[in-house]
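Summary of the model geometry
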Amino acid sequence: MTVFLCSKCGSAITPELAELTAVPEVSDNERDRDKETRRAPSTVPRGHYAIDPEPWGPPYVVQVDPEDPKPAQSRGPVVCREEGFVISAGSRHTVLVNPDDAAGLQSLPNWDNSSGCCGPTGDEGLNRACPCGAPVATLAADCFGPFELHLDPVRTYAFSQ
């Protein structure tokens, strides 16, 4: 079992979690979304974590083939910005957890990096902080993308017993 801690203050961010061997496949079918919040099912079940090998979050780079755009990041939507369709060149190996397993994290002041329709899209960078104030994670919880929390691999660390 593994607990994830804040690199700045050492506080536990999660309870003990069991590692999954891969990021689970999650339905993106509209019928599987919560009727009230419109969120997708959480990518990772409670009590577990997975290491996401794909890039997540900023910076973004322009995609090479604008005729066949790919999602900007794993399990996310296609994103078009002023310069064209973009794809993440952000951190690899973020720790993916169920957002409910890190309930003590707080939004950044002024809801920085948390824009979205029904919740943060997760494509603006770190948007959740440890109670000590250190930004440590990115929540994706909008009505058109995944529902997941990415712990930054530098701003958090694992402690296994």
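What counts as what
- Residues numbered from 1 in each chain as written.
- Predicted model: local features only at pLDDT ≥ 70, side-chain atom pairs only at ≥ 80, totals over all residues.
- Heavy atoms only, no water.
- Helix = DSSP H or I, 4+ residues; strand = E, 2+ residues; numbered from the N terminus.
- Buried < 20%, exposed > 50% of the residue type's maximum accessible area, 1.4 Å probe, protein only.
- Pairing = 2+ DSSP bridges.
- Axes fitted to C-alpha atoms, helices over the stretch in contact; angles between N-to-C directions.
- pLDDT = per-residue confidence, 0-100.
- Phe/Tyr/Trp six-rings, centres within 6.5 Å; stacked < 30°, edge-to-face > 60°.
- Lys NZ or Arg CZ within 6 Å of the ring centre and 35° of its normal.
- Polar contact = N/O pair within 3.5 Å; in protein donor to acceptor, adjacent residues only side chain to side chain.
- Contact = heavy atoms within 4.5 Å.
- Salt bridge = Lys/Arg side-chain N within 4 Å of Asp/Glu carboxyl O.

Some remarks on unusual backbone geometry
For the bond from P58 to P59, the omega torsion is 5 degrees, close enough to zero to count as cis. A positive phi angle, close to 60 degrees, is found at R75, a residue other than glycine. Its place among the elements puts R75 in the loop between β4 (60-62) and β5 (79-81). Look at R75 and you get partly exposed, because its relative accessible area is 29%. Of note, H93 is a non-glycine position whose phi angle comes to about 65 degrees, a positive value. If you trace the backbone, H93 turns up in the loop between β6 (84-88) and β7 (94-97).

What to know about the sheet that holds strand β8 (residues 106-107)
Spatially, β2-β3-β7-β11-β10-β9-β8 is the arrangement adopted by the seven strands of the open sheet, whose pairing is mixed. Sheet topology places β2 (18-19) and β8 at the edges, where each strand pairs with a single neighbour.

Some details on the sheet that holds β6
Strand order in the open sheet formed by three strands is β4-β6-β5, and the pairing between neighbours is antiparallel. Single-partner strands in this sheet number two, and they are β4 and β5. Neighbour to neighbour, the strand axes of the sheet diverge by 50 degrees on average, direction disregarded. Judged from the three bridges that link them, β5 and β6 form a sheet pairing that is antiparallel. Its bridge partner being in β6, R81 is matched across the sheet by G84.

A look at the confidence of the model for the chain
Scored by pLDDT, the chain has a mean of 90; 99% of the residues are at 70 or more. Averaged pLDDT values for the elements of the chain fall to 90 in β5 and rise to 98 in strand β1 (residues 2-6).

A closer look at the packing of aromatic side chains
Scanning the model with the defined rule gives one aromatic pair in all. The interplanar angle of 80 degrees and the centroid separation of 4.8 Å between the aromatic rings of F4 and Y49 together place this pair among those described as edge-to-face. Here the residue F4 occupies a position in strand β1, and Y49 occupies one in strand β3 (residues 48-52), the gap between them amounting to 45 residues. Judged on exposure class, the residue F4 and its partner Y49 are both buried. In this structure, R81 is placed above the aromatic ring of Y60, and the distance from its NZ or CZ to the ring centre is 4.8 Å.

So, the side chain of T156
On the secondary structure map, T156 appears in strand β12 (residues 156-160). The buried category is assigned to T156, whose relative accessible area is 4%. Among the polar contacts made by the side chain of T156, one reaches the main-chain carbonyl oxygen of D152 at a distance of 2.6 Å. Discounting chain neighbours no more than four positions away, the residues touching T156 are L5, S7, I13, V136 and L151.

Observations concerning the pattern of salt bridges
A full pass over the atoms with the stated rule returns five salt bridges. Taking the shortest distance from any N to any O, the salt bridge between D52 and R75 comes out at 2.8 Å. Of the two residues, D52 is situated in strand β3 and R75 in the loop between β4 and β5; the sequence distance between them amounts to 23 residues. Owing to a relative accessible area of 1%, D52 belongs among the buried residues under this scheme. For E148, the salt bridge is made with R75, and the minimal N-O distance between the two is 2.9 Å. With a gap of 73 residues between them, E148 in strand β11 (residues 148-151) and R75 in the loop between β4 and β5 connect regions that are remote in the sequence. A relative accessible area of 0% places E148 in the buried class. When salt bridges with common partners are traced through the structure, they connect D52, R75 and E148 into a single cluster.

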